[in-house]
Amino acid sequence: MDRKTVALSQLSANLCSSLPEMRAVLITDRKCQILFRYDRADLISDSSDCSDRSENSESSDIKAEVLTSINLQLNPILDQIQREDTGAKYTSAIFEAENFRVFNLFVDKWIFIYVLSIESFIDRLNPYIFLTSEKFYRILSQEGRVQVDLEIPKLGNVLGKHFLPTDKEQIIKFGFKFILTGDSGVGKTSLVNRFVEGIFPHDFRQTIGVNILSHTYTFMDNKVKLTLFDLGAQKFFQRVRKTYYLGSNAAIIVFDLNNRESFLNVASWREEFEKYVDCDYILVLVGNKSDLERKVSTKEAQDLARLWNVVYIETSALEGENVEEMFVMTTFNIIKKTQKLLRTQE
Ligand code: GTP
């Protein structure tokens, strides 16, 4: 087995052990040819000939059911995607076979197929599916060494957790959850990469659903752990996105200084976040790509920030300008707010 297959298998095994409802995972090309499969229940036969029922057993019926459904249902969807050519890079589709629910995510040249038990509650599984798909994509598209965290976090703990100082008396440790939101392409992933890894990757691709990174650093003798949720902006991800807002301490709403529309859309990103967040939070407005020609003036953005009563900061993930400052300032404002909160509770 090559390194990629080992990583894909390990990740699939971790997903299946986190989710009892997950029965099998397949990755196919756009012609539905299976490139990889992980089959916890031996649902999918080696042969892709769906008419092969020679084993005459329940298991061969199920294998046939899964493969037949995939072939029958995916082909028309693929035709439709090709016909409509909406320009969207990712599309998802769910269908039901007699005994299974099948969730499909079409990403570039691949289809990630998740075979779930029929009673599965898709809304609960969605966040895991998107997180895993992002990791699959990174494994498949990486050259050489595979550098992807193969663990599947227990999202139940992460999504709704309110992070507060671990020690009220002597506040030395903090853990906060930050959400980065805003239109596609404004630079959310680039800001996170610049802050966490100190690099600016030049190969652009959209975040599939969500990318979760954590970063620990020392701030005024306090150890701070940030969990950064970099959320994909695609429309089809909207229904899932709301689950990630739970327990957020800060929403960093990013727009592109070189793209006026992304500035006009910040209000709807704020609205979406505020509709679903369930705890005390702070908002930060970020104008990114300050190194490019401006289509939004500093004054306009400052005026909006004043109206919202939030902090505004301009960054360049490309040049590293103000990136660390933005995250540190946000941390500082939360600590200030949290301490005030603790004092009023005493
Ligand atoms: P989605 O994943 O689709 O939501 O996009 P995103 O907001 O995460 O954007 P991403 O970080 O992937 O960046 C989009 C494009 O903008 C890429 O080509 C980046 O190289 C470029 N970019 C990001 N930040 C900057 C910046 O500060 N300056 C310039 N010039 N380009 C940037």
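As shown above, the structure is provided for reference.
Let me begin by describing the structure that accompanies this report. Just so you know, these numbers come straight off a predicted model, no measurement behind them.

This part takes up the environment of Y38. With respect to the element layout, Y38 can be found in strand 2 (residues 34-39). In the structure, Y38 is positioned 76 residues away from Y114 in sequence and 9.8 Å away in space, judged by C-alpha atoms. Beyond its immediate stretch of four places on either side in the chain, Y38 contacts S9, S12, A13, C16, A24 and V25.

The next point concerns the site of the ligand. In the vicinity of the ligand, 21 residues are found, and the nearest of them are S184, T189, S190, T207 and A317. For the ligand, an oxygen atom lies 2.8 Å from a polar atom in the side chain of T189. Backbone polar atom of L318 to an oxygen atom of the ligand: 3.2 Å apart, as the coordinates give it. In the complex, the protein chains occlude 89% of the 660 Å² of accessible area that the ligand would expose alone. At three residues, helix 5 (residues 188-197) tops the list of elements feeding residues into the shell around the ligand. Its residues assigned to classes, the shell around the ligand comprises seven nonpolar, nine polar and five charged.

Attention now goes to the packing of helix 1 (residues 3-18) against helix 3 (residues 122-141). Across the interface, helix 1 lies against helix 3 with an axial gap of 10 Å and an inter-helix angle of 170 degrees. With respect to helix 3, the element helix 1 is oriented roughly antiparallel. Here helix 1 contributes K4, A7, L8, L11, S12 and L15 to the contact with helix 3, which in turn contributes Y128, T132, K135, F136, I139 and L140. Within the contact of helix 1 with helix 3, the residues separate by chemical class into eight nonpolar, two polar and two charged.

Conventions and cut-offs
- Residues numbered from 1 in each chain as written.
- Predicted model: local features only at pLDDT ≥ 70, side-chain atom pairs only at ≥ 80, totals over all residues.
- Heavy atoms only, no water.
- Helix = DSSP H or I, 4+ residues; strand = E, 2+ residues; numbered from the N terminus.
- Contact = heavy atoms within 4.5 Å.
- Near = heavy atom within 4 Å.
- Polar contact = N/O pair within 3.5 Å; in protein donor to acceptor, adjacent residues only side chain to side chain.
- Areas by Shrake-Rupley, 256 points an atom, 1.4 Å probe, with all protein chains shown as cover.
- Nonpolar A, V, L, I, M, F, W, Y, C, P; charged D, E, K, R; others polar.
- Axes fitted to C-alpha atoms, helices over the stretch in contact; angles between N-to-C directions.
- Parallel < 35°, antiparallel > 145°, perpendicular 65-115°, else oblique.

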